[in-house]
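Close look at the chain arrangement
Each chain is listed here by its residues.
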There are 4 protein chains.
Amino acid sequence: MNFASDNIVGASAPVLQAIMQANAGAMAAYSNDEISKRVKARFNEIFEREVSVFFVTTGTAANALALSSAVPPYGLCVCHQEAHIIDDECGAPEFFMHGAKLAGLPGMGAKLKSDEVAAYLQGLPKAVKQMPPKALSVSQVTECGMVYALDEIAALGAVCREHGLSFHMDGARFVNALVALGCTPAEMTWKRGVDILSFGATKNGGLMAEAIVVFRPDLAEALDYRSKRAGQIISKGRLIAAQFEGYFADDHWLENARHANRMAKLLSEGLSGLSGVRLGWPTQANEVFPIIPQALDRALKAAGILYNSWTEISLPESERVGADEALIRLVTSWATREEDVRRLLEIASSEVSRQAAE
Amino acid sequence: MNFASDNIVGASAPVLQAIMQANAGAMAAYSNDEISKRVKARFNEIFEREVSVFFVTTGTAANALALSSAVPPYGLCVCHQEAHIIDDECGAPEFFMHGAKLAGLPGMGAKLKSDEVAAYLQGLPKAVKQMPPKALSVSQVTECGMVYALDEIAALGAVCREHGLSFHMDGARFVNALVALGCTPAEMTWKRGVDILSFGATKNGGLMAEAIVVFRPDLAEALDYRSKRAGQIISKGRLIAAQFEGYFADDHWLENARHANRMAKLLSEGLSGLSGVRLGWPTQANEVFPIIPQALDRALKAAGILYNSWTEISLPESERVGADEALIRLVTSWATREEDVRRLLEIASSEVSRQAAE
Amino acid sequence: MNFASDNIVGASAPVLQAIMQANAGAMAAYSNDEISKRVKARFNEIFEREVSVFFVTTGTAANALALSSAVPPYGLCVCHQEAHIIDDECGAPEFFMHGAKLAGLPGMGAKLKSDEVAAYLQGLPKAVKQMPPKALSVSQVTECGMVYALDEIAALGAVCREHGLSFHMDGARFVNALVALGCTPAEMTWKRGVDILSFGATKNGGLMAEAIVVFRPDLAEALDYRSKRAGQIISKGRLIAAQFEGYFADDHWLENARHANRMAKLLSEGLSGLSGVRLGWPTQANEVFPIIPQALDRALKAAGILYNSWTEISLPESERVGADEALIRLVTSWATREEDVRRLLEIASSEVSRQAAE
Amino acid sequence: MNFASDNIVGASAPVLQAIMQANAGAMAAYSNDEISKRVKARFNEIFEREVSVFFVTTGTAANALALSSAVPPYGLCVCHQEAHIIDDECGAPEFFMHGAKLAGLPGMGAKLKSDEVAAYLQGLPKAVKQMPPKALSVSQVTECGMVYALDEIAALGAVCREHGLSFHMDGARFVNALVALGCTPAEMTWKRGVDILSFGATKNGGLMAEAIVVFRPDLAEALDYRSKRAGQIISKGRLIAAQFEGYFADDHWLENARHANRMAKLLSEGLSGLSGVRLGWPTQANEVFPIIPQALDRALKAAGILYNSWTEISLPESERVGADEALIRLVTSWATREEDVRRLLEIASSEVSRQAAE
């Protein structure tokens, strides 16, 4: 039972099938093929407008490339202090942005509040010693499994426009947020002020398929050059495009995310029902962050269940993790089996009873 | 009939099969899986020694990452003036090397001569205004389809050692050179002084599978960090590794290259037998560079045969392309069908006869 | 009366005199002249060992160049969250380090505690997503006017050695700290584990004269190339060197710093004696950070006294600035006149009395 | 007798005098002072329009900063293959441009021809593998001592506009060209299409005083940030500005250049009159490039005359340097004494007679 992440399984059947089909025969290299063209048109439909799409193979590359076209080398990019771009990418954004700086702000559940971002921006020194802020980046779903509401995104978008910042969304779990909100991709992005999006598919059924979706043409201008010089333009590019074709067909992408979220809800409700267990943050997508007794932590691990512990930095003061507690992260995916979730819950519940009995 | 490149077809059956198999079930992400470990061990066998292996998805990334660990930002990297790294990668090496410079030297058939490299290095000003040379990069197979002989590689390796340069080999078509020379991977690389290798598999049957193979431990030290910050560490890394597993099994990689070279030889002999047709450079691997009458060029294109024209910059003075001639490149691959080669030759030969008759 | 900074006055007479003298006649350019050689030898004497010295024109360049040779592009540099390098240089270190990251830790008076640095380093994830720590940088004098004691420097040096970090000291006010501690340059640097030093002279009497002093030969290797490509090698370099010659002659540099510190002490004692006035941090060099009533702040400004307000981020919890208070910084220099200090104190004291009388 | 360069002497008396005067008293740091404001206004007069001016301390910094605002990291900058920026700055432009590439074209006398530049630009592949050309940089005076005529500058400016390139002029010897052409600064720059200029003063009487003069506002936007992060904003900036004040007063800058050019003319006519001596390129400013018998070369050196040999790469085919000849460079400056020139000529002429007599 592996709840360590949603990138530990391979591609889903439809995605794999699409690769098989696209593999046959000769086609133009470097995404100049028919499949890539079809898929780019499909993105226009999905986002209800003309968008520019660039395929890459990792979320790190998607984020770093997107930011490199929004932030000049002397600029500042504001994000949450726990953001994936600042914590988990070994400096890829700084590399692609040529030394531009990431400024990490605090915020409960790894969410940024528009008024706090505005206050931070107003407080920056107006002097040449201060790198000028050029972009804001948010993660939807956040690193604590929370989902920005549409009006929260709109409020952040308004701050960006007011201060002349580009607005980037790290959508490594874009679809999980989308189905959680029950809105359209357009409503969750450009209609709320998002300028450029890292659109993840790998965690939700892709083999290796991420896309940068650009809503502001000026940000798309040089991305093909930037992508090439980053070694991100795949020669057999049709085989990235094909994954998206399989991904989008018959709402497969939405189904995968709904399943993952459903499994997380099941897990979340089951665990939070146990005495001595509470949630660090509400379960809004496909990640559960329970605070559990250390004895239970040991028991789950002893049962061979794989998952990671998490940092409490974005917990509300009132929710600090106790000395005999552990904050853990359980991630579900399109491939998570309900029986595994139920087994985990049984193990947890019997362990809790056993402890109570002692 | 598509002879434009060897990256226009998908993956070969065994490679695709390997992906299918590796796709099932959950495994550790970021190449910490069993398959990746197995494949890295396989590289040790293939190169008859302990090597460090880093998987990436493009040849550009392999070259740029390899060079970034051999050349500091203030350093110089010597290569041929037609090298892929200087001409075809939109500045990826300069990006990854943080502004280090590529110095392109001339040479027939896109080959560097050891004495000319040595003379160039000796001639460099000994002053702080001069970026110090830190690496030499050669392409095996070269951009003109030629193959460095083992003693030529050894001679270049000796120059590198004498001048304190790291020696990089761009092996986008590594196997095509290998089977052409009939030697072992070890003999063509570290036994001749090569320190770091871009090992290509994509053009010879892979889906997207390139590897950086490092023979000098100090050059491998930081490559995992560099790779991560370049967005090149694939989360489902086992599916890159799996391609190599399929690739290496039962000499599949060698068979593919032998077939591609054989097809090139067939094409080369057929074409050079026609009156008015000569070869720009000898056919040594899987690329043919005939100089043909422009009328024949038009006829081949009219017949729907796809291929590219080429630059004469690396032709010997005596072989300059005439006003009514065209220098073209025909590339064969593991997927090239002998019947297509024969049809091309028939079309060419009948066209040449037709012209003679006029 | 200008207490805004110690770089608002020109060069001191002996420094200016030295420039005049060195200006005559023809000499080799780019610091290959006799004066530069003499001054470099002088640095060896001053630091009681062989050191490598590189002249630059700004403290920002000195810091950024020094760090660029200690931290690779994928590395992390630990410093205080208020450090000049992270706050006041518009990303120069990130530029020169090619995207390496600065990690700012908290600490009272802008000082880092060795045990807290050690704890931070131990807590870093051991994973490729984490940029590896490569250097520690401290400011002596700190941004809050405090001076590291010799054993504090030694303790930080020990942490650096234990964790394989290079140890950089930003000595923009090096001499002010030196005379405050009453030790030798050697005792305050390499004898306590410092590997590379930004040695400032501009604030203490120079025209534009900063030097990078390197104690670990490997860190000096490429600094001439790095300096040249940063546009920091002055063609008439002897005129930077000459400033140091005038600076070091007859203990001029020490005298200047002693005067500046004495003026600060006078100011500090006078102000802290006034009711309603306290010091944010102890006055240890040539900067005074009083917390004063806002009415007094207004009165001083009304009297035409120039100075800056400061941030309370590095104040101890117990010392927070009240709603009707202001934290200000008063900087003294070699050129500060005692009469100006006394006049400021008179103005302040009469204002405080006036307020009491109300 | 030192003819090695025009940066081997110190500052001229008026410049030094101006530094002395500006040194007294306290003024705002970082070029926010009155003198800097005055001098910037003076630049507007000199260029007959509103310009943006940024002071730096080296020509390398001026060039690299100027180019960094004209060329994005993925772009190409076209220049002559002997340009100072490509040959003599240890990769500073590539560093400041974050990996953008310099493409060096050939041209007699280190001059670029507009039709050849246009042909080069048209010939570039229209593909993502090709870094897009973004700027053209010329040296006025060129590295071979030649001066672009006004219509030649205009023709290059037209090519830049047609191809969307920014036009940079490296004016390390700007005034020497100016007085040679007898035109105004405006006529030699923006009126002919130049967008951004490296305006050198150091070689012509400054201590360390270079300026970036920007004619296109968009290129000036971020230069203050770029300059700060490059460590080029001097804290006592008024002392750079002051040099320009002394430099511009009473046509001092023009007089200095006229003298230097006159000395070069004298030298040039004297040497070219000697049998066996010819000029590699016409003497148009303050540099003389005679091709002399090696015996004469030895004799001049034996007489203690300092100068450098030069490369023949930009000589016309017909003028190649013979086996017993040497191509040398003699540089004159504002400080060159006519008696030294005459002594050099006597030595040369008697040596030539002596040889003839043998």
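In the nomenclature of an unreviewed UniProt entry, chain A corresponds to L-threonine aldolase from the organism Microvirga aerilata. Regarding chain A, the UniProt comment filed under Sequence similarities (unreviewed entry) reads as follows: "Belongs to the threonine aldolase family."

With that settled, the discussion passes to the sheet that holds strand 1 (residues 52-56) of chain D. Residues and elements named next belong to chain D. Strand order in this open sheet of seven strands is 1-7-6-5-4-2-3, and the pairing throughout is mixed. Every other strand in the sheet has two partners, leaving strand 1 and strand 3 (101-105) as the edge strands with one partner each. Strand after strand, the sheet turns through a mean of 20° between neighbouring axes, direction not considered. By the bridge criterion, five bridges tie strand 4 (residues 133-139) to strand 5 (residues 166-171) in an arrangement that is parallel. Across the sheet, Ala-135 pairs through a bridge with Ser-166, a residue of strand 5.

Let us look at the interface of chain D and chain C. A common way to state how big an interface is: give the accessible area lost once the parts meet. Contact with chain D, which involves 44 residues of that partner, is made by 44 residues of chain C. Regarding the contact of chain D and chain C, the summed buried area is about 3,700 Å², with carbon and sulfur atoms giving 62% of it. At the junction of chain D and chain C, the tally comes to zero salt bridges. Counting every contact that joins chain D to chain C gives 18 residue pairs in polar contact (both at pLDDT 80 or more). Within the residue set of the side of chain D that touches chain C, elements represented by two or more residues are helix 1 (13-23), helix 3 (59-70), helix 5 (92-96), helix 11 (223-229) and helix 12 (238-248) of chain D. Its residues placed into classes, the side of chain D that touches chain C shows 22 nonpolar, 16 polar and six charged.

Overlaying chain D with chain C gives an RMSD of 0.0 Å, the required rotation being 180° about an axis along which the chain moves by 0.0 Å. Here the copies are linked by what is in effect a two-fold axis. Of the C-alpha atoms belonging to chain D, the one lying closest to the rotation axis is found on D:Ala230, 3.6 Å away. Comparing contact sets, 100% of the residues at the interface of chain D also lie at the interface in chain C, consistent with an isologous, same-surface contact.

Glancing now at the UniProt feature "domain: Aromatic amino acid beta-eliminating lyase/threonine aldolase" (unreviewed entry) in chain A. The positions that UniProt labels "domain: Aromatic amino acid beta-eliminating lyase/threonine aldolase" (unreviewed entry) are, in the present scheme, residues 3-282 of chain A. Taken end to end, residues 3-282 of chain A comprises 44% helix and 14% strand; its first and last C-alpha atoms sit 18 Å apart.

What follows is about the relation of the copies chain B and chain C. Least-squares fitting of chain B to chain C yields an RMSD of 0.0 Å, with the transformation described by 0.0 Å of translation along the axis and a rotation of 180°. The fraction of interface residues of chain B whose copies in chain C are also interface residues reaches 100%, indicating that both copies meet through the same surface.

On to helix 6 (residues 114-123) of chain A, then. Residue and element names in this part refer to chain A. Of the residues making up helix 6, those classed as buried are Val-117, Ala-118 and Leu-121. Seen along its axis, helix 6 keeps its buried residues to an arc of 100°; they face one direction. Of the residues in helix 6, the exposed ones pointing more than 90 degrees away from the buried face are Asp-115 and Gly-123. Those residues of helix 6 that are buried are in contact with strand 2 (76-80), strand 3 (101-105), strand 4 (133-139) and helix 7 (150-163).

Residue and element names in this part refer to chain C. Taking 1.5 Å of rise per residue, the 12 residues of helix 3 (residues 59-70) would be expected to cover 16 Å, and the 17 Å separating its terminal C-alpha atoms lies within 8% of that figure. The buried fraction of helix 3 amounts to 11 of the 12 residues, a majority that puts the element mostly inside the structure. Listed as buried for helix 3 are Thr-60, Ala-61, Ala-62, Asn-63, Ala-64, Leu-65, Ala-66, Leu-67, Ser-68, Ser-69 and Ala-70.

Bringing the packing of helix 8 (residues 174-181) of chain A against helix 13 (residues 252-272) of chain A into the picture now. Residue and element names in this part refer to chain A. At a closest axis distance of 9 Å, the pairing of helix 8 and helix 13 adopts a crossing angle of 80°. Accordingly, the angle class assigned to the pair helix 8 and helix 13 is roughly perpendicular. Counting all contacts with helix 8, which are made through Val-175, Asn-176, Leu-178, Val-179 and Ala-180, the residues of helix 13 involved are Trp-253, Leu-254, Ala-257, Arg-258, Ala-260 and Asn-261. The residue makeup of the contact of helix 8 with helix 13, split by class, is eight nonpolar, two polar and one charged.

This part is about the packing of helix 14 (residues 294-302) of chain A against helix 15 (residues 338-357) of chain A. All names here are of chain A. Contact geometry for helix 14 and helix 15: axes closest at 10 Å, N-to-C directions at 135°. The orientation of helix 14 with respect to helix 15, classified from their angle, is oblique. For the element pair helix 14 and helix 15, the recorded crossing hand is right-handed. Across the interface between the two elements, Ala-295, Leu-296, Ala-299 and Leu-300 from helix 14 touch Leu-344, Ile-347, Ala-348, Glu-351, Val-352 and Gln-355 from helix 15.

Here the focus is unusual backbone geometry. Of note, the bond from C:Gln140 into C:Val141 is cis; its omega dihedral lies within 30 degrees of zero at 0°. Structurally, the position occupied by C:Val141 is in the loop between strand 4 (133-139) and helix 7 (150-163). Positioned with a positive phi, B:Asp251 is a non-glycine residue whose angle comes to about 55°. Residue position: B:Asp251 is located in the loop between helix 12 (238-248) and helix 13 (252-272). At C:Glu48, a residue that is not glycine, the phi angle is positive and equals roughly 55°.

Calculation notes
- Residues numbered from 1 in each chain as written.
- Chains lettered and ligands numbered in written order.
- Predicted model: local features only at pLDDT ≥ 70, side-chain atom pairs only at ≥ 80, totals over all residues.
- Heavy atoms only, no water.
- UniProt positions renumbered as here; feature names shortened; annotations may be inferred.
- Pairing = 2+ DSSP bridges.
- Helix = DSSP H or I, 4+ residues; strand = E, 2+ residues; numbered from the N terminus.
- Axes fitted to C-alpha atoms, helices over the stretch in contact; angles between N-to-C directions.
- Contact = heavy atoms within 4.5 Å.
- Buried area = accessible area lost by both parts, 1.4 Å probe.
- Salt bridge = Lys/Arg side-chain N within 4 Å of Asp/Glu carboxyl O.
- Polar contact = N/O pair within 3.5 Å; in protein donor to acceptor, adjacent residues only side chain to side chain.
- Nonpolar A, V, L, I, M, F, W, Y, C, P; charged D, E, K, R; others polar.
- Least-squares fit on C-alpha atoms with pLDDT ≥ 70 in both.
- Buried < 20%, exposed > 50% of the residue type's maximum accessible area, 1.4 Å probe, protein only.
- Arc of directions from axis to C-beta.
- Expected span 1.5 Å × (residues − 1).
- Parallel < 35°, antiparallel > 145°, perpendicular 65-115°, else oblique.
- Left-handed = near helix turned anticlockwise from the far one by under 90°.

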